[in-house]
Amino acid sequence: MALQQKNLLEVKEILSKGNLCGHSIVSYLKEQGHSEIALFFEQDLKQRFSLAIACGNLQVAFDSAAELKDKECFNKLAQTSMALGNYEITEKCYQITRQFDKLNFFYATTGSLSKLQKMHGVAQSLNDPMLRYNTATLTANVSEKVRVLAENGQVPLAYMTAKSHGLEEFAKTLENTLIESEEFDHERIFREASKFIG
């Protein structure tokens, strides 16, 4: 009767006093759509995680995922917590699983500019040029974009980026590099750049 009236505290009290606890009662509670009550009795960490996700108890889901040390659990939790608006748990999940590309995007969309700028240091310490470039793009740091491109052999793109953003010192240095290198057709690069830049 307490279950039908959705008196969750009374149901929990009745179940914890009696001998009803076990897999059958947990299964029955789940089938009846009472995952939040079943959660109190489930001992298996995977099942506990699934129940916590089902009933939106993100803290229990986070604790279970942490005990399991399961990347898939953290991914599912990040997605669920994002949908439920719990951005703190989303951020923790991305940090734990070291999904820096998602963290970058997350910080950009949530307007966390200071954290986004810290990602620049993370990208440098990881020596990850793509993460550095994306962070530079999201923070509108054009000179860093030019440096990343040039350091990674993309001198023509670095030149075009510098030129199109009025970074004349960078452009001049890169222009000299292009002229001195036999690897690049500098005349064609300058012609093509002038078409796009105007």
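All values reported here derive from a predicted model rather than from experimental measurement.

Asks: Teacher, can you tell me more about the packing of helix α8 (residues 100-110) against helix α10 (residues 129-138) here?
Replies: For any two helices packed against each other, one specifies the crossing angle of their axes together with the interaxial distance. With their axes 10 Å apart at the nearest point, α8 and α10 run at an angle of 5° to one another. In terms of orientation, α8 lies roughly parallel with respect to α10. Between α8 and α10, the contacting residues are F100, D101, N104, F105 and A108 on the first element and L131, N134, T135 and L138 on the second.

Asks: What should I look at first to understand the environment of V155 in this one?
Replies: By the element assignment, V155 lies in helix α12 (residues 155-164). Exposure remark for V155: the relative accessible area of 9% places this residue in the buried category. In the structure, V155 is positioned 23 residues away from L178 in sequence and 7.3 Å away in space, judged by C-alpha atoms. Contacts of V155, omitting those with residues within four sequence positions, involve L149, A150, L174, T177, L178 and F184.

Scoring rules and cut-offs
Chains are numbered independently. Their residues run from 1 in the order of the written sequence. pLDDT decides what is reported in this predicted model: residues at 70 or higher carry local features, side-chain atom pairs at 80 or more are listed and counted, and totals for whole chains, interfaces and linings draw on all residues regardless. Processing note: side-chain calculations cover all non-hydrogen atoms of the structure and skip hydrogens and water entirely. Only the stretch in contact is used when a helix axis is fitted, and all axes are lines through C-alpha atoms; the angle between N-to-C directions ranges over 0 to 180 degrees. Runs of H or I in DSSP of at least four residues are treated as helices and runs of E of at least two as strands, each being numbered from the N terminus. The labels follow the angle: roughly parallel below 35 degrees, roughly antiparallel above 145, roughly perpendicular from 65 to 115, and oblique for the rest. Contact criterion: two residues are considered in contact whenever any of their non-hydrogen atoms come within 4.5 Å of each other. Think of it in three bands: residues with accessible area under 20% of the maximum for their type are buried, residues over 50% are exposed, and the middle band is partly exposed, with areas taken using a 1.4 Å probe on protein chains only.

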